[in-house]
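Here's the letter readout for the chains.
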Amino acid sequence: MQPDEISPRAREIHSSSLVFDTHTDTPQRLLFDRFDLAKRDAEGCVDIPRLREGGVGAVFFALWVPVEIKGEAATRRALDLLDATIRETRIHGDELALCASCAEIEAARAAGKIAICLGVEGGHAIQSDLSLLREFYAYGVRYMTLTHNAATEWADSSNAAPLHNGLTEFGREVIREMNRLGIMVDVSHVSDATFDAVLETSQAPVIASHSCCRALCDAPRNLDDAMIKRLAAGGGVIHITFHNSFLSQEYANAYRALTVESTARQKDLVQKYGPNEARILMEGQQWSNESIREGKLPQVSWEKIVEHIDHAVAVAGPDHVGIGSDFDGAFMPQGMEDASRLPWITEGLVRRRYGDGDIHKILGQNTIRVMAEVERISKRLS
Ligand SMILES: [Zn+2]
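Residues numbered from 1 in each chain as written. Predicted model: local features only at pLDDT ≥ 70, side-chain atom pairs only at ≥ 80, totals over all residues. Heavy atoms only, no water.

(A) View of the overall build of the chain. Within the chain one finds 16 helices and nine strands. Its C-alpha atoms give the chain a radius of gyration of 19 Å, within 12% of the compact-globule value 21 Å for 382 residues. Projected onto the principal axes, the alpha-carbon positions of the chain cover approximately 55 × 45 × 45 Å. Split into buried and exposed, the 382 residues of the chain put 60% on the buried side. A separation of at least 24 residues holds for 72% of the contacts in the chain among residues at least 6 apart in sequence. Here the chain holds 41 positive side-chain charges and 55 negative ones, and the gap between their average locations is 2 Å. (Helix = DSSP H or I, 4+ residues; strand = E, 2+ residues; numbered from the N terminus. Rg over C-alpha atoms; globule rule 2.2 N^0.38 Å. Buried < 20%, exposed > 50% of the residue type's maximum accessible area, 1.4 Å probe, protein only. Contact = heavy atoms within 4.5 Å. Lys, Arg positive; Asp, Glu negative; His and termini not counted. Charge placed at Lys NZ, Arg CZ, Asp CG, Glu CD.)

(B) Local environment of the side chain of Thr89. Examined against the element boundaries, Thr89 turns out to sit in helix H4 (residues 71–91). Under the relative-accessibility criterion, Thr89 is labelled buried at 5%. Contact partners of Thr89, with chain neighbours within four places excluded, come to Leu96, Ala97, Leu98 and Ile116.

(C) Molecular detail of the packing of helix H8 (residues 192–201) against helix H9 (residues 225–233). Contact pair H8 / H9: the axes reach a minimum separation of 11 Å and the direction vectors enclose 20 degrees. Overall, the two elements H8 and H9 adopt an arrangement that is roughly parallel. Seen along the crossing, H8 lies across H9 with a hand that is left-handed. Contacts from Asp192, Phe195, Asp196, Leu199 and Glu200 in H8 reach Met227, Arg230 and Leu231 in H9. Its residues placed into classes, the contact of H8 with H9 shows four nonpolar, no polar and four charged. (Axes fitted to C-alpha atoms, helices over the stretch in contact; angles between N-to-C directions. Parallel < 35°, antiparallel > 145°, perpendicular 65-115°, else oblique. Left-handed = near helix turned anticlockwise from the far one by under 90°. Nonpolar A, V, L, I, M, F, W, Y, C, P; charged D, E, K, R; others polar.)

(D) Focus on the coordination of the zinc ion. Protein coordination at the zinc ion comes from Glu121 (OE), His189 (NE2) and His210 (NE2), with a distance range of 2.1 to 2.2 Å. The sequence motif formed by the donor residues of the zinc ion is E-x67-H-x20-H. A residue pair is termed long-range when its members are at least 10 positions apart, and Glu121 in strand S4 (residues 114–121) and His189 in the loop between strand S6 (184–186) and H8 qualify at 68 residues. Side by side, Glu121 and His189 carry an identical accessibility label, which is buried. (Donors = N, O, S within 2.8 Å, 3.2 Å for Na, K, Ca; no water.)

(E) Seen up close, helix H1 (residues 8–16). Among all positions of H1, only Ala10, Ile13 and His14 are buried. Along the axis of H1, the buried positions cluster into a sector of 95 degrees, meaning they face one direction only. In H1, the exposed positions that point more than 90 degrees away from the buried face belong to Pro8, Glu12 and Ser15. Turning to H1, the residues buried within the fold contact strand S1 (19–24), helix H15 (343–351) and helix H16 (356–381). (Arc of directions from axis to C-beta.)

(F) Examining the pairing of S1 more closely. Counting buried residues along S1, six of its six residues qualify, which places the element largely inside the surrounding structure. Alignment of S1 against strand S2 (residues 56–64), held across four bridges, turns out to be parallel. Bridging across to S2, Val19 finds its partner in Val56. (Pairing = 2+ DSSP bridges.)

(G) Expanded view of the pairing of S4. Extensive coverage of S4 is indicated by the burial of eight of its eight residues. With burial as the criterion, each face of S4 is covered, one bearing Ile114, Ile116, Leu118 and Val120 and the other bearing Ala115, Cys117, Gly119 and Glu121. Relative to S4, S2 is paired through seven bridges, and the arrangement is parallel. Residue pairing across strands places Phe61 opposite Leu118, the latter belonging to S4. Relative to S4, strand S3 (residues 96–98) is paired through three bridges, and the arrangement is parallel. Directly across from Ala97, in S4, lies its bridge partner Ala115. Pairing geometry for S4 and strand S5 (residues 141–145), over four bridges, is parallel. Bridged to Gly119 within S5 is Tyr143.

(H) Up close: unusual backbone geometry. One non-glycine residue, Asn165, lies in positive phi territory at about 55 degrees. Its place among the elements puts Asn165 in the loop between S5 and helix H7 (169–181). The residue His189 is not glycine, and still its phi comes out positive at about 85 degrees. According to the relative accessible area criterion, His189 is buried, its value standing at 6%.

(I) View of the packing of helix H6 (residues 130–138) against H7. Where H6 meets H7, the closest approach of the two axes is 11 Å, and the angle between their N-to-C directions is 25 degrees. By the criterion of interaxial angle, the relationship of H6 to H7 is roughly parallel. Where H6 crosses over H7, the handedness of that crossing is right-handed. Residues Leu130, Leu133, Arg134 and Tyr137 of H6 form the contact with H7, whose participating residues are Phe170, Glu173, Val174, Glu177, Met178, Arg180 and Leu181. Classifying every residue of the contact of H6 with H7 by side-chain character gives seven nonpolar, no polar and four charged.

Note that all results are geometric; they support no functional claim without further evidence.
Structure representation (structure tokens):
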């Protein structure tokens, strides 16, 4: 039996690390609920008190655009989420700093502030228009997840029938322009063929901002070992995500068996809350927890996250693994309910006899290395 507390060594490693979470869905709470990040909330996963407790130094806020939103409305949604994030970061400027470069993250850290970075999730936000990509860059967006759960006009998704056999010629242009600007290419959510086309096209290392290992949980959203190796060979990083359905095969199977119930529930929530994705996600998490209590879904432990990290490290080495929680956007495992619980990942790695240096890399240094490399390549290409 392991003691149910964090060891002094894990505390020491964690507090001296830059902890960098590459994916949270918090902007929806800011936009739809006018959520105040300074207040420690009973629901959701992210606010300033819990980021502080979790020792988070930098975090990407995802500007997620649901695939049902199309055309100009998709761009508008991303901009509204961006605006809400900028507003909230300004209000709490003594605690938070909006950052668009490694140098800015370093400066925020030196000033004792949490770095907030911006990523677009869903390439339909640029409407097949490179000038919009350049606008998002100008606003500080530093990664783009190419698709969500449906194909865009130029890239296929892992969760829908393929339309383009990977990337269209324009899709390849998008990748080249992201390289030139200095926006990280995020392959979470894309199809395997798109993944291959991206790795073929990108001159810069690529990230998966929130994905797990298919060898441990066979979901199309996860990466198989060959993909993890290929990502690493290009200098990229897989950021292990915390969503129960991507961590645990048992949970994923049981969830699939509840498809009728969960689809009906989703429809009810959309009726009740309209476009308020924040409420829909908050209540989704409650539904998952209730279903676990009722025995309809299995309990998933936070230790699964460490298992996936350990597997990815075994496949690709410690230089190519990071963390991308999907806090405020997914169903969290027991023991990783919110950002305050992040030191448990360090504890889990210490228990698995990881050295200090490798833990620092996994918690955030690998992500900073990729960002720096993307900046360097952008300067060369511009
Ligand atoms: Zn996602």
